[in-house]
Amino acid sequence: MTARIIAFVVSIVLMTSAGADEYSFEVAGFVNQEDTDTTITGNGDSVTLDSGADAVSLAGAWYYAGLSDDNGPWADASFVSRASSVFVAIDGVNETTSIAFSDPLLGTDVDIDVDTTTIGLGIQHIWADSGWFGIASIAQLEIESGTSADGDATQLLVGGGRYIGETTTLQLLVTDVDDENVGSTNIEAALRHVGRLNAIWQWGTVLRYGVSDASGDLVADQTSYGAVLNLYPTNRLALTTSLQFVDSDDDVDEREVGVAVSWFATRNIELLFRYASLRIDLPQDALNGNSVEAGINVRF
């Protein structure tokens, strides 16, 4: 739960990138499907874990000082034009997990169904002349499973940074998550840059490093690393590759490799598609899976 709410709010902050001179608003919708599975064997017996998640996300942003996409890729217009915004988002996820035992003596087969809803609200203000910016947000997550795992969590996020070049930033985010069972504090540093390769092609990158300190026994401390590379053949098109690694103190490590395409069908309508390969290393085995996401972003 802690990892999901952190990823949700940080993704909202980094998502606010829009376009067009006269535009002040942005509305986006996404659907996502994720599947993972593994079979753990030993002494001739086996346990099969099959997990899936379906998610729907809606988000909106108000660029209260205006927005321009005249300079640079349209997908990164708010970053390049230093546009301040107020943003809100709601995320609904249905997760199903099946655990099957090859021998009934090992245990009883289990099916788990969990629904989570997350609502987030925040602001990012940029002092365009000096290059300094600040970020603050709050998010509330609710879990419903009909079991003792039901509960709520609240996350507060604060951060800031500065443009150290025309289109290069250094950023630091601090998040505090508190729920009924455990809590955690996450600190993440990020470097972001957009530049030109030649007269036509442009490129961009985001490099992240984070550490998470958990206050309960149910959640392990984590260290995360991430890198994103964007290539822009035109202002209208973005091609993305990404890598993310999470190392946990409980020897449950995660790896994600993703590719994505963003294309503006018109000046103000963006279509997005992303595919990711997932691997979660467990002490005895590994979960392997994939994630597919599609979305639309409209600016007006």
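Further up the page is the structure itself.
As the structure is a prediction and not an experimental result, all values here were calculated from the model.

Caption draft 1: Up close: the nonpolar core. Ranked by size, the top nonpolar core spans nine residues in total: Phe79, Val80, Ile126, Phe133, Ile135, Leu157, Tyr163, Leu173 and Val194. Put simply, the parts of the chain that give this core at least two residues each are α2 (77-80), β5 (132-144) and β6 (151-165). Within the second largest apolar cluster, five residues are counted, among which are Ala61, Tyr63, Leu67 and Phe87.

Caption draft 2: View of the packing of aromatic side chains. Within the structure shown, the criterion is met by six aromatic pairs. Ring geometry for Phe25 against Phe300: centres 5.6 Å apart, planes inclined by 20°, an arrangement best described as stacked. Of the two residues, Phe25 sits in strand β1 (residues 25-42) while Phe300 sits in the segment after β14 (286-299), which places them 275 residues apart along the sequence. On the numbers, 5.5 Å between centres and 55° between planes, the contact of Tyr209 with Tyr225 is tilted. Here Tyr209, found in strand β9 (residues 202-214), pairs with Tyr225, found in strand β10 (residues 222-234); they are 16 residues apart in sequence, far enough to count as distant. The exposure class assigned to Tyr225 is partly exposed, which follows from its relative accessible area of 37%. Taken together, the ring pairs connect Phe79, Phe133 and Tyr163 into an aromatic cluster. A cation over an aromatic ring shows up here: Arg82 above the ring of Tyr163, its NZ or CZ 4.1 Å from the ring centre. Geometry around Phe79 places Arg192 over its ring, the cationic atom sitting 4.3 Å from the centre.

Caption draft 3: Broad picture of the pairing of strand β13 (residues 269-281). Relative to β13, strand β12 (residues 253-266) runs antiparallel, the two being bridged by 13 bridges. If you follow Thr266 over to β13, its bridge partner there is Ile269. In this antiparallel pair of consecutive strands, β12 and β13, the connection spans two residues. As judged from the 13 bridges shared by β13 and β14, these two strands associate in the antiparallel manner. Within the sheet, the bridge partner assigned to Leu271 lies in β14 and is Ile296. Connecting β13 to the next strand, β14, in antiparallel fashion are four residues.

Caption draft 4: Seen up close, unusual backbone geometry. The residue Arg82 is not glycine, and still its phi comes out positive at about 60°. Tracing the sequence through the fold places Arg82 in the loop between α2 and β3 (85-101). Accessibility expressed as a relative area gives 14% for Arg82, which makes it buried.

Reading guide: rules and limits
- Residue numbering note: each chain is counted from 1, following its sequence as written.
- For a predicted model such as this one, the threshold for reporting local features is a pLDDT of at least 70, and the threshold for listing and counting side-chain atom pairs is 80 or more; totals across whole chains, interfaces and linings nevertheless cover every residue.
- The basis for the side-chain values is all heavy atoms of the structure; hydrogens and waters are excluded.
- Only buried residues count toward a nonpolar core, which is a set of Ala, Val, Leu, Ile, Met, Phe, Trp, Tyr and Cys residues joined through side-chain atoms within 4.5 Å.
- Only protein chains enter the calculation, and the probe is 1.4 Å; a residue is then buried if its accessible area is under 20% of its type maximum, exposed if over 50%, and partly exposed in between.
- Strands here mean DSSP runs of E at least two residues long; helices mean DSSP runs of H or I at least four residues long; both are numbered from the N terminus.
- Ring geometry is summarised as follows: Phe, Tyr and Trp rings, the Trp one being its six-membered ring, pair when their centres sit within 6.5 Å, and such pairs are stacked at plane angles under 30 degrees, edge-to-face over 60 and tilted between the two.
- Charges are assigned to positions over rings by a cutoff of 6 Å between ring centre and Lys NZ or Arg CZ, combined with an angular limit of 35 degrees from the ring normal.
- Pairing between strands requires that DSSP locate at least two bridges from one strand to the other.

These figures capture arrangement, not role.
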